[in-house]
Amino acid sequence: METMVMMNRLFSPLRLQCLRPISRIHTQSFANHMPQFRPVNVAPETGRNFNSKSKFAARAGWFSGMMGKEKIALPEIVKAGDPVLHEPAEEVPPEDIGSERIQKIIDDMVMVMRNAPGVGLAAPQIGIPLKIIVLEDTKEYVSYVSKSEADAQDRRPFDLLVMVNPKLKKKGTKTAFFFEGCLSVDGFRAVVERHLQVEVTGFDRNGQPLKVEASGWQARILQHECDHIEGILYVDRMVQRTFRCVENLDLPLAAGCPKLGTR
């Protein structure tokens, strides 16, 4: 997902996509279970959505392609309340990572994340209770945030990252407060405190051991996505009095709320 969050500016919330299956898919049976899909117009190579985007999405920095298109079916968004979003996911057996089934899940996740568009996605967000996450923050996405915001958030572009069975370790004591959002709780935002530095270990999509040390905005996205595979949404960690609809995102924080920024 990863999922795409910013400071309290309407045009730059973190958007982390989640998808709606027909019903909960268990690890033992989801290969035979077909989730609900929606047709989307996408570019064959980029996977960008050609359906009309709102001015809000355009200002948020999420690109819609302008070249050829074809119909591709993508899963629907899973909304808060679906048990798949509130229960821990299961690990993928390492010997299964290279299987056609898992590779197809990963490919679908990347397509969904980019089509949404978003900077991160976890498998439970497409109704699959497995510990798989994908994330990506491009130069284009970052370019739609002011330099002062990007500097405050320590936000820098990074290439596509796929992690299977990720295990996150928080490093240091420094944290930051910024707004986050999620399409599982669409239309709302809240301030969440996250660690500034993390270390995540797991496997890449080829089944090879992988360790990622991240800071700033990438660390925030990793924490958000790793929360998803543990059945945790950002609203479970939010500063409650900062919760608001996106229309009020520019309003000042209530008295007593922590100021946005690092600690």
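Residues numbered from 1 in each chain as written. Predicted model: local features only at pLDDT ≥ 70, side-chain atom pairs only at ≥ 80, totals over all residues. Heavy atoms only, no water.

**A closer look at the confidence of the model for the chain**
Thinking step 1. Of all residues in the chain, 73% attain a pLDDT of 70 or more, and the chain-wide mean is 80.
Thinking step 2. In the predicted structure, residues 1–34 sits below a pLDDT of 50 and forms 167 contacts with residues beyond four places in sequence or in another chain.
Thinking step 3. This model gives residues 38–68 a pLDDT under 50, and the stretch forms 83 contacts once residues within four places in sequence are excluded. (pLDDT = per-residue confidence, 0-100. Contact = heavy atoms within 4.5 Å.)

**Description of the environment of Arg-194**
Thinking step 1. Note on placement: Arg-194 falls in strand S7 (residues 188–203).
Thinking step 2. Among the residues examined, Arg-194 registers a relative accessible area of 4% and is labelled buried.
Thinking step 3. Each residue touching Arg-194, except ones within four places of it in the same chain, is listed here: Lys-174, Thr-175, Ala-176, Glu-180, Arg-220, Gln-223, His-224, Asp-227, Tyr-234 and Arg-237.
Thinking step 4. Among the polar contacts listed, one links the side chain of Arg-194 to the side chain of Asp-227, at a separation of 2.8 Å. (Helix = DSSP H or I, 4+ residues; strand = E, 2+ residues; numbered from the N terminus. Buried < 20%, exposed > 50% of the residue type's maximum accessible area, 1.4 Å probe, protein only. Polar contact = N/O pair within 3.5 Å; in protein donor to acceptor, adjacent residues only side chain to side chain.)

**What about empty space enclosed by the protein?**
Thinking step 1. The volume enclosed by the largest cavity comes to roughly 40 Å³.
Thinking step 2. Contributing to the lining of the largest cavity are Ala-152, Gln-153, Ala-176, Phe-178, Leu-196, Gly-216, Trp-217, Arg-220 and Thr-262.
Thinking step 3. In terms of residues, the lining of the largest cavity owes the most to one element, helix H5 (residues 216–228), which gives three residues.
Thinking step 4. Taken together, the residues that form the lining of the largest cavity break down as five nonpolar, three polar and one charged. (1 Å grid on protein atoms, 1.4 Å probe; cavity = no way out; pocket = protein on both sides within 12 Å on 5 of 7 lines; lining within 4 Å. Points joined across faces, edges and corners; volume = space filled by probe spheres on them. Nonpolar A, V, L, I, M, F, W, Y, C, P; charged D, E, K, R; others polar.)

**Details of the packing of aromatic side chains**
Thinking step 1. Across all of its chains, the model carries two aromatic pairs by this definition.
Thinking step 2. Ring geometry for Phe-178 and Trp-217: centres 5.7 Å apart, planes at 70°, overall edge-to-face. Placement of Phe-178 in strand S6 (residues 158–180) and of Trp-217 in helix H5 is noted, with a sequence separation of 39 residues between them.
Thinking step 3. Note on Phe-178: relative accessible area 2%, which makes it buried.
Thinking step 4. The exposure class of Trp-217 is buried, given its relative accessible area of 2%.
Thinking step 5. Here the aromatic rings of Phe-188 and Phe-243 are separated by 5.0 Å at their centres, their planes lie at 10°, and the arrangement is stacked. Residue Phe-188 is found in strand S7, and its partner Phe-243 is found in the loop between H5 and strand S9 (244–245); the two are separated by 55 residues along the sequence. (Phe/Tyr/Trp six-rings, centres within 6.5 Å; stacked < 30°, edge-to-face > 60°.)

**Topic: the pairing of strand S8 (residues 209–215)**
Thinking step 1. One ladder, built from seven bridges, connects S7 with S8; its direction is antiparallel. Paired with Val-200 across the two strands is Val-212, which belongs to S8.
Thinking step 2. Counting the residues that bridge the hairpin from S7 to S8 gives five residues, and of these Gly-207 lies at a positive phi of roughly 85°. (Pairing = 2+ DSSP bridges.)

**A few points about the environment of Gly-261**
Thinking step 1. Tracing the backbone shows Gly-261 in strand S10 (residues 261–262).
Thinking step 2. The spacing of Gly-261 and Phe-177 is 84 residues in sequence and 5.3 Å in space, taken between C-alpha atoms.
Thinking step 3. Those residues in contact with Gly-261 that lie beyond four places of it in its chain are Thr-175, Ala-176, Phe-177 and Phe-178.

**Focus: the pairing of S7**
Thinking step 1. Bridge count for S6 against S7 is twelve bridges, and the pairing is antiparallel. Residue Lys-170 lies in a different strand from S7, and its bridge partner there is Val-198.
Thinking step 2. Examined bridge by bridge, S7 and S9 share two bridges and lie antiparallel to one another. Each residue of the ladder has a partner; that of Arg-189, found in S9, is Arg-244.

**What to know about the nonpolar core**
Thinking step 1. In terms of nonpolar packing, the biggest core is built from 21 residues, with Ile-133, Leu-135, Met-163 and Leu-222 touching the most fellow members.
Thinking step 2. Apart from residues lying up to four places away in sequence, Leu-222 is in contact with Ile-133, Leu-135, Leu-161, Met-163, Leu-168, Val-198, Val-200, Val-212 and Ala-214.
Thinking step 3. Core analysis: the second largest hydrophobic core is formed by 19 residues, Ile-105, Ile-106, Ile-126 and Ile-128 among them. (Core = buried A, V, L, I, M, F, W, Y, C linked by side-chain atoms within 4.5 Å.)

**Brief notes about helix H2 (residues 100–115)**
Thinking step 1. Between its terminal C-alpha atoms H2 stretches 22 Å, which fits the 22 Å expected from 16 residues at 1.5 Å a residue.
Thinking step 2. Those residues of H2 lying buried are Ile-102, Gln-103, Ile-105, Ile-106, Met-109, Val-110, Val-112, Met-113 and Asn-115. (Expected span 1.5 Å × (residues − 1).)

**Re H5**
Turn by turn, an α-helix covers 3.6 residues, leaving residues three or four places apart pointing in a common direction.
Thinking step 1. End to end, H5 covers 19 Å across 13 residues, agreeing with the expected 18 Å (1.5 Å per residue, within 8%).
Thinking step 2. Most of H5 is tucked away: 13 of the 13 residues are buried.

**A few points about unusual backbone geometry**
Thinking step 1. With an omega of -10°, the peptide bond between Ala-116 and Pro-117 qualifies as cis.
Thinking step 2. Phi at Asp-154 takes a positive value of approximately 55°, unusual for a residue other than glycine.
Thinking step 3. Examined against the element boundaries, Asp-154 turns out to sit in the loop between helix H4 (147–153) and S6.
Thinking step 4. Look at Asn-165: it is not a glycine, yet its phi comes out positive at around 55°.
Thinking step 5. Note that Asn-165 resides in strand S6.

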